[in-house]
Every structure is written in structure tokens, then in C-alpha cells.
Amino acid sequence: MRLAPLAAALALLAAPAFATLSPGAKAPDFSTRGAIAGKVIPVHLADELKRGPVVLYFFPAAFTGGCNAEAHAFAEAVADFHRAGATVIGMTAGNVDKLEAFSSEKCAGKFAVAAATPAVVKAYDVSLGRTTPLGDITSRTSYVIGRDGKVAFVHSDMNPAEHVALTLAAVRKLSGR
């Protein structure tokens with residue numbers, strides 16, 4: 001009967017983690033490839049932070065219902081983010097081969113979307129616990145990262161409805177605008 005507690009503990013360890021990084025944590029730096037308005041670009045978090053806060057939002061996969069809606073909502077609000085001094089970057093580990101088209105069509109060419117490598121998915125603790133031949137599928141998690149490189153706000157919810165409003169409010173609070 002001593003095996004039951006051990007089995008339960010092992011099952012918890014094997015379950016996907018949805019802990020995300022906490023506010024105040026140092027945001028892991030990364031460099032990857034992304035796209036904006038259909039053009040492939042390098043994306044380096046440290047470079048973006050030199051300009052001001054970054055809204056880094058992870059989404060499961062391009063060209064899916066919730067991800068399309070979320071990208072459209074961020075595109076509609078990107079001018080508000082810029083006025084508050086922030087840059088928006090979307091990231092996914094799902095179907096990254098579609099990011100050039102997604103950046104033009106669903107993001108309206110207004111912000112970069114980038115490939116989340118397995119190391120980035122792990123560092124930001126955004127694995128949904130489902131894998132494809134391309135790797136882990138990311139949860140729908142939005143981070144606001146201050147210019148100092150620390151997480152100022154995090155919202156993790158598979159419903160895309162509040163990500164834009166909550167991250168914009170956090171950016172405004174952070175920048176005092």
C-alpha cells in the first residue's frame with residue numbers, strides 16, 4: 001500500500017505545469033525568428049526591451065478560432081500599446097510554418113509573431129501539455145515585461161477575451177500613461 005502515495009506523487013510530476021512565471025521574476029531572454037506583415041525578421045527580447053515594456057503573448061496555434069480572434073484584438077489595440085510605450089509580440093510553438101501568412105492576415109501587419117522554441121516554452125512555463133510533430137503546443141498566456149526585464153503582469157486563460165484589455169491596463173499602470 002505504500003506504492004499508492006508514490007504513484008500519486010509521480011502522476012503529479014508527470015502532469016503538465018500551468019504555473020507560469022510570477023510577477024517580479026526575471027523574464028528569460030531569447031532570440032528567434034518571427035514575421036511581421038509577411039516578412040521574416042529576427043526577434044530578440046533584450047533588443048525589444050531597450051525600447052520599453054513588452055507584451056509577450058503566447059497562443060496555441062495560428063489560424064485557429066481563438067488565436068485568430070486574439071491576434072485581431074491585439075492588432076486593433078496596437079496603437080494604444082504603442083502610446084503606452086509598449087511593443088507587442090505574439091509567440092507560438094504550434095504550426096510556426098504559417099507565421100508569415102498569419103502576421104499579414106490575422107495580425108494585420110501591426111506586430112511581430114514569432115516561433116517559440118522548446119527552450120522558450122519551457123523557460124516561460126507555457127506548455128499546454130500537448131505535443132505535435134512541431135513540438136509543444138503553448139497555452140494562451142500573456143506577459144507584460146518591464147523595461148528592466150522583470151515580469152510585471154501575467155494572465156493565463158485559454159479564453160482570449162480579456163488578454164488585450166488586461167495587458168493594456170498593466171502596461172498603462174507600469175508606464176504611468
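Scroll up to find the structure this text is about.
Owing to the predicted nature of the structure, the values given are computational and were not obtained by experimental measurement.

Calculation notes
Per chain, residue numbering runs from 1 following the sequence as it is written. Thresholds applied to this predicted model are a pLDDT of at least 70 for local features of residues and 80 or more for the giving and counting of side-chain atom pairs; totals over whole chains, interfaces and linings are not thresholded and use all residues. Note: side-chain values were computed over all heavy atoms of the structure, leaving out hydrogens and water. Think of a nonpolar core as a cluster: buried Ala, Val, Leu, Ile, Met, Phe, Trp, Tyr and Cys residues, connected wherever their side-chain atoms sit within 4.5 Å. Buried means the residue's accessible area, taken with a 1.4 Å probe over protein chains only, is under 20% of the maximum for its type, while exposed means over 50%, and partly exposed covers the values in between. Per the convention used, a helix needs a DSSP run of H or I reaching at least four residues, while a strand needs a run of E reaching at least two, with both numbered from the N terminus. Contacts are assigned to residue pairs that have any heavy atoms within 4.5 Å of one another. Note on pairing: two strands pair once DSSP finds at least 2 bridges between them. For helices, the fitted axis covers only the stretch in contact; all axes are lines through C-alpha atoms, and the angles between them, taken along N-to-C directions, range from 0 to 180 degrees. The rule is short: rings of Phe, Tyr and Trp, with Trp giving its six-membered ring, pair when the centres are within 6.5 Å, and they are stacked under 30 degrees, edge-to-face over 60, tilted in between. Looking down the strands as they point away from you, a crossover is right-handed if its path from the first strand over the helix to the second goes clockwise. To estimate the expected span of a helix, subtract one from its residue number and multiply by 1.5 Å. The arc in question is formed by the directions pointing from the helix axis toward the C-beta atoms.

Some words on the nonpolar core
Line of reasoning, step 1. Among the nonpolar cores identified, the biggest contains 25 residues, and F59, F74, F81, V88 and F111 are the most heavily contacted of them.
Line of reasoning, step 2. It is helix α3 (residues 65-83) that provides the largest number of residues to this core, a total of seven residues.
Line of reasoning, step 3. When residues no more than four places from it in sequence are discounted, the contact partners of F59 are C67, E70, G90, M91, T92, L99, F102, V113, T138, S139 and R140.

Overview of the sheet that holds strand β2 (residues 39-44)
Line of reasoning, step 1. Strand order in this open sheet of seven strands is β2-β1-β5-β4-β3-β8-β9, and the pairing throughout is mixed. Since the sheet does not close on itself, it has two edges, and those belong to β2 and β9 (151-156), each with one partner. Direction aside, neighbouring strands of the sheet carry axes that sit 25° apart on average.
Line of reasoning, step 2. In terms of strand pairing, strand β8 (residues 141-145) meets β9 through five bridges, oriented antiparallel. Residue pairing across strands places T141 opposite S156, the latter belonging to β9.
Line of reasoning, step 3. Each of β3 (54-58), β4 (87-92) and β8 touches α3; the most contacted strand, β3, lies at about 180° to it.
Line of reasoning, step 4. The sheet contacts of helix α6 (residues 163-175) involve β3, β8 and β9, and relative to β8 the element is tilted by about 10°.

Some remarks on the packing of aromatic side chains
Line of reasoning, step 1. For the structure on display, the rule yields 11 aromatic pairs.
Line of reasoning, step 2. With a centroid separation of 5.5 Å and 45° between ring planes, the pair formed by F58 and Y124 is classed as tilted. Linking F58 in strand β3 with Y124 in the loop between α5 (118-123) and β6 (127-132), this pair joins segments that are 66 residues apart in sequence.
Line of reasoning, step 3. Among the residues examined, F58 registers a relative accessible area of 0% and is labelled buried.
Line of reasoning, step 4. Between F63 and F102 the ring centres are 5.3 Å apart and the planes differ by 80°, which places this aromatic pair in the edge-to-face class. In this pair, F63 sits in the loop between β3 and α3 while F102 sits in helix α4 (residues 99-105), placing the two residues 39 residues apart along the sequence.

Considering the pairing of β4
Line of reasoning, step 1. Most of β4 is tucked away, with six of its six residues classed as buried.
Line of reasoning, step 2. Neither face of β4 is exposed, since T87, I89 and M91 on one face and V88, G90 and T92 on the opposite face are all buried.
Line of reasoning, step 3. Relative to β4, β3 is paired through five bridges, and the arrangement is parallel. Residue Y57 lies in a different strand from β4, and its bridge partner there is G90.
Line of reasoning, step 4. As for the winding sense of the linkage, the β-α-β connection from β3 through α3 to β4 is right-handed.
Line of reasoning, step 5. Alignment of β4 against strand β5 (residues 112-115), held across four bridges, turns out to be parallel. If you follow T92 over to β5, its bridge partner there is A115.
Line of reasoning, step 6. Regarding topology, α4 serves as the crossover connection from β4 to the parallel β5, and that connection is right-handed.

Observations concerning α6
Residues three or four positions apart in an α-helix share a direction because the helix packs 3.6 residues into each turn.
Line of reasoning, step 1. Spanning 13 residues, α6 covers 18 Å between terminal C-alpha atoms, matching the ideal 18 Å at 1.5 Å per step.
Line of reasoning, step 2. Three or more residues of α6 are buried, namely H163, V164, T167, L168, A170 and V171. Projected onto a plane normal to the axis of α6, the buried residues spread over an arc of 160° and lie on a single side. Away from its buried face, by an angle of more than 90 degrees, α6 presents the exposed residues A165 and K173.
Line of reasoning, step 3. Here the buried face of α6 lies against β3, α3, β8 and β9.
Line of reasoning, step 4. Where α6 ends, the next residue or the one after it, G176, has phi of about 70°, a positive value.

Honestly, that's just the spatial picture; any functional story needs more than this.
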